[in-house]
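# Fold and geometry: a report
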Amino acid sequence: MMVDPRTSPARNTRRLAWACVLSVLALSGCQSDLAPAVFGFGSGGVSTYAPGTLPVVEAHPGDRLIGRSGTERGRCIFENAAGNRFRADCPDGFSL
């Protein structure tokens, strides 16, 4: 039985190796802050430290109360319209 030289396993392996080499070379020229750092090319982005405080998270009308927080006393878990869950102070009179 004859093997077609155009589809031999050795030829496929060489093609895959060349594709990997070309992909790495293409990614090495990326100018983004993330890709060079992820793939080890360049230094990646560096951001400076900015002092400040995080905003106070509060529940708003329309946020759904899920239940009491298991780790913080007096705090509850809420879910907003986008489906994101967050921790905020429990409403007055809340008991579970």
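Everything here concerns the structure above.
Attention here is on the structure that accompanies the text. Computed from a prediction, not measured in an experiment: that's the story for all the values here.

### Quick look at the packing of aromatic side chains
Per the stated rule, a full pass over the model turns up 1 aromatic pair. Ring plane angle 20° and centroid distance 5.8 Å describe the contact between phenylalanine 78 and phenylalanine 86, whose orientation is recorded as stacked. Given the relative accessible area of 6%, phenylalanine 78 is considered buried. Residue class for phenylalanine 86 comes out buried when judged on its relative accessible area of 17%.

### As for the state of the cysteines
Considering all chains together, one arrives at 1 disulfide under this definition. Here cysteine 76 engages in a disulfide with cysteine 90; their sulfurs sit 1.9 Å apart. Its S-S torsion of about 100° marks the bond between cysteine 76 and cysteine 90 as right-handed, since a negative value means left-handed. Of this pair, cysteine 76 sits in strand E2 (residues 75–79) while cysteine 90 is found in the segment after strand E3 (85–89), placing the two residues 14 residues apart along the sequence. What makes cysteine 90 buried here is its relative accessible area of 19%.

### Notes on the sheet that holds E3
Strand pairing in a sheet relies on backbone hydrogen bonds. The paired strands run either parallel or antiparallel. Taken together, the 3 strands give an open sheet; going across it, the order is E1-E2-E3, and neighbouring strands pair in antiparallel fashion. Two strands close off the open sheet at either side, each with one partner strand: strand E1 (64–68) and E3. Averaged over all pairs of adjacent strands, the angle between their axes in this sheet comes to 35°, without regard to strand direction. Pairing between E1 and E2: 4 bridges, direction antiparallel.

Rules of the game
Residues numbered from 1 in each chain as written. Predicted model: local features only at pLDDT ≥ 70, side-chain atom pairs only at ≥ 80, totals over all residues. Heavy atoms only, no water. Phe/Tyr/Trp six-rings, centres within 6.5 Å; stacked < 30°, edge-to-face > 60°. Buried < 20%, exposed > 50% of the residue type's maximum accessible area, 1.4 Å probe, protein only. Disulfide = S-S within 2.5 Å. Helix = DSSP H or I, 4+ residues; strand = E, 2+ residues; numbered from the N terminus. Pairing = 2+ DSSP bridges. Axes fitted to C-alpha atoms, helices over the stretch in contact; angles between N-to-C directions.

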